[in-house]
Structure formats: structure tokens, C-alpha cells
Amino acid sequence: AQSVTQLGSHVSVSEGALVLLRCNYSSSVPPYLFWYVQYPNQGLQLLLKYTTGATLVKGINGFEAEFKKSETSFHLTKPSAHMSDAAEYFCAVSEWTGNQFYFGTGTSLTVIP
Amino acid sequence: EAQVTQNPRYLITVTGKKLTVTCSQNMNHEYMSWYRQDPGLGLRQIYYSMNVEVTDKGDVPEGYKVSRKEKRNFPLILESPSPNQTSLYFCASAPRGDNSPLHFGNGTRLTVT
């Protein structure tokens, strides 16, 4: 089974500062990678996904992530944090079979005015 | 509006009293799945279904049942709930079980006393 590690269960940044949320996965074969965002009292929403091709993936709300196979990482970044970015973020991976998804434990992002 | 609808949003019950959490999607998706979200553990997959009458266990299926008699519905059944099943539950669907991104419901918060 896959495993996903998100370093830092809580991250705080100032408004306008760089956002960096870390995700590492374990996989012996190229996985499919996702970032989801969860706002309070809501379900998860897709931010971005990597399947094949370009390793730098752009998502919604100015977020992007880079797939680095050599580091087994898929870190999420945003150049300038906005107050509305405060939420919980989950990294997820699935195998080529596509029927099971494995989620990290989540990172709660706080944006300080 | 395309959506995944879970009911109820909140449920408090007692140990051993059978309950069902309903999940319905209006997007004609083939793939549906159930997750539980617990602090520090992220989301863990309970069951998934690749299509009508096709269900399979995820990582934490013990104590749960599911059925997929119709494409749009995927109820989660707890025959004899126990306190360790107190959790936040999410239903999700995807067009196919091929790493298509998941669409999530808004969750059901279950408390078993």
C-alpha cells in the first residue's frame, strides 16, 4: 500500500508570504498525485493533480505543485498567501489501478494578517 | 448543480443501534467511495465501488457494510456501531475508477455513545 507523509500538521504564514506545504509519498511505480483543500464544515475540493507529463502542475487559486520523482515529493506552493487560503490541505496518491486513494494526515494553514 | 449529497450531516446514536448514512450523486459517476476522517490520521478509505453491484474493501472496512444497487446511491451501513466508529465520514464519487479526481460530499459527523 502507498503511504503519504505531510510534514507539519500546522503551518502559519503572513498574508502575502510564500506558502509551502510539504508532501512525500512512497511508491515503487509512478503514482498519480493530488492536492485537496478542505474549508470548515465542507468536503474536500480538488486543487490540482499530477498524472503524467509536465512535472510542474498549476491548480486553482494560484497554487502549484512540482512532482520530483528523485525526491518522491509533491510539495504545494503559492507565491503570496491570501486570508482566504486558510484551510486544511491534504495530499493524496493513487496507484495506476486508480481505485484506491491514500491521503496524508493533512496540514492546517493559518494566514496571519 | 452537480453534487454529492450525504445525509444526515450530524448523527448521535448509541452503541449497537443499526444506522445508515446515505450518499447520492447526480453526475452519473461510476466510481464511489467512503472515507472516515480522524484527527492525526487524515482520511482513510472504508469501501469503494467501481460500478453497480461491484464493491470492494478499502483500508478500514471492519464494522461497515455498503451496497451499490443503483449507480447514484452508495449507502454506508453500520450494523452495530461502537464508540470507535465516532468520526467524520465522507462520501466521494468520480467519473471512473481510473484516477479521476474525487468529488466529495459535505460530510456526516457521527457520534456513538
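Before reading further, recall that the structure is shown in the block above.
Quick notes on the rules
- Residues numbered from 1 in each chain as written.
- Chains lettered and ligands numbered in written order.
- Predicted model: local features only at pLDDT ≥ 70, side-chain atom pairs only at ≥ 80, totals over all residues.
- Heavy atoms only, no water.
- Helix = DSSP H or I, 4+ residues; strand = E, 2+ residues; numbered from the N terminus.
- Rg over C-alpha atoms; globule rule 2.2 N^0.38 Å.
- Buried < 20%, exposed > 50% of the residue type's maximum accessible area, 1.4 Å probe, protein only.
- Pairing = 2+ DSSP bridges.
- Salt bridge = Lys/Arg side-chain N within 4 Å of Asp/Glu carboxyl O.
- Contact = heavy atoms within 4.5 Å.
- Buried area = accessible area lost by both parts, 1.4 Å probe.
- Polar contact = N/O pair within 3.5 Å; in protein donor to acceptor, adjacent residues only side chain to side chain.
- Disulfide = S-S within 2.5 Å.

**What to know about the overall build of chain B**
- Scanning chain B from N- to C-terminus turns up zero helices and 11 strands.
- Counting from the amino terminus, helix and strand elements in chain B follow one another as β-β-β-β-β-β-β-β-β-β-β.
- Relative to the globule expectation of 13 Å for 113 residues, the C-alpha radius of gyration of chain B, 13 Å, shows essentially globular dimensions.
- Structurally, chain B occupies a C-alpha span of about 35 × 30 × 25 Å along its principal axes.
- Within chain B, the fraction of its 113 residues that count as buried is 51%.

**Some points on the sheet that holds strand S3 (residues 19-25) of chain B**
Residue and element names in this part refer to chain B.
- Read from one edge to the other, the open sheet built from four strands follows the order S1-S3-S8-S7, with strand pairing classed as antiparallel. Each having just a single partner strand, strand S1 (4-7) and strand S7 (65-66) make up the two edges of the open sheet.
- Of the strand pairs in this sheet, S3 and strand S8 (residues 76-78) are connected by three bridges, and their pairing is antiparallel. By the bridge assignment for S8, Thr20 is matched with Ile77.

**Focus: the pattern of salt bridges**
All names here are of chain B.
- Inspection of every chain in the model, using the stated rule, returns six salt bridges over all chains.
- For the salt bridge of Glu79 with Lys65, the shortest nitrogen-to-oxygen distance reads 2.9 Å. Taken together, the residues span a long stretch of sequence, with Glu79 in the loop between S8 and strand S9 (87-94) and Lys65 in strand S7 at a distance of 14 residues.
- What makes Glu79 partly exposed here is its relative accessible area of 35%.
- Residues joined by salt bridges that share partners form a network here, namely Lys18, Lys65 and Glu79.

**A few points about the interface of chain B and chain A**
- Taken together, the contacts link 25 residues of chain B with 23 residues of chain A.
- In terms of surface lost to chain A, no three residues of chain B exceed Leu43, Asn99 and Pro101 of chain B, which account for 33% of the buried area on that side.
- Taken together, chain B and chain A are joined by zero salt bridges.
- Summed over the shared surface of chain B and chain A, the result is five residue pairs in polar contact (both at pLDDT 80 or more).
- Where the side of chain B that touches chain A is concerned, the elements lending two or more residues are strand S4 (31-38) and strand S5 (42-51) of chain B.
- Among the elements that line the side of chain B that touches chain A, the one with the most residues is S5 of chain B, at five residues.

**Comments concerning the state of the cysteines**
- Tallied over the entire structure, the rule returns two disulfides over all chains.
- Disulfide partner of Cys23 of chain A: Cys91 of chain A, at an S-S distance of 1.9 Å. The sign of the -65 degrees torsion about the S-S bond sets the Cys23 of chain A-Cys91 of chain A disulfide as left-handed. In this pair, Cys23 of chain A sits in the loop between strand S3 (19-21) and strand S4 (24-26) while Cys91 of chain A sits in strand S10 (residues 87-94), placing the two residues 68 residues apart along the sequence.
- Taking relative accessible area as the criterion, Cys23 of chain A reaches 0% and is therefore assigned buried.
- There is a disulfide in this structure between Cys23 of chain B and Cys91 of chain B, and the S-S distance comes to 1.9 Å. Measuring handedness by torsion sign, the sulfur bridge of Cys23 of chain B and Cys91 of chain B sits at about -75 degrees and is left-handed. Separated by 68 residues along the polypeptide, Cys23 of chain B in strand S3 and Cys91 of chain B in strand S9 bring together distant segments of the chain. You'll find Cys23 of chain B and Cys91 of chain B in the same group, each marked buried.

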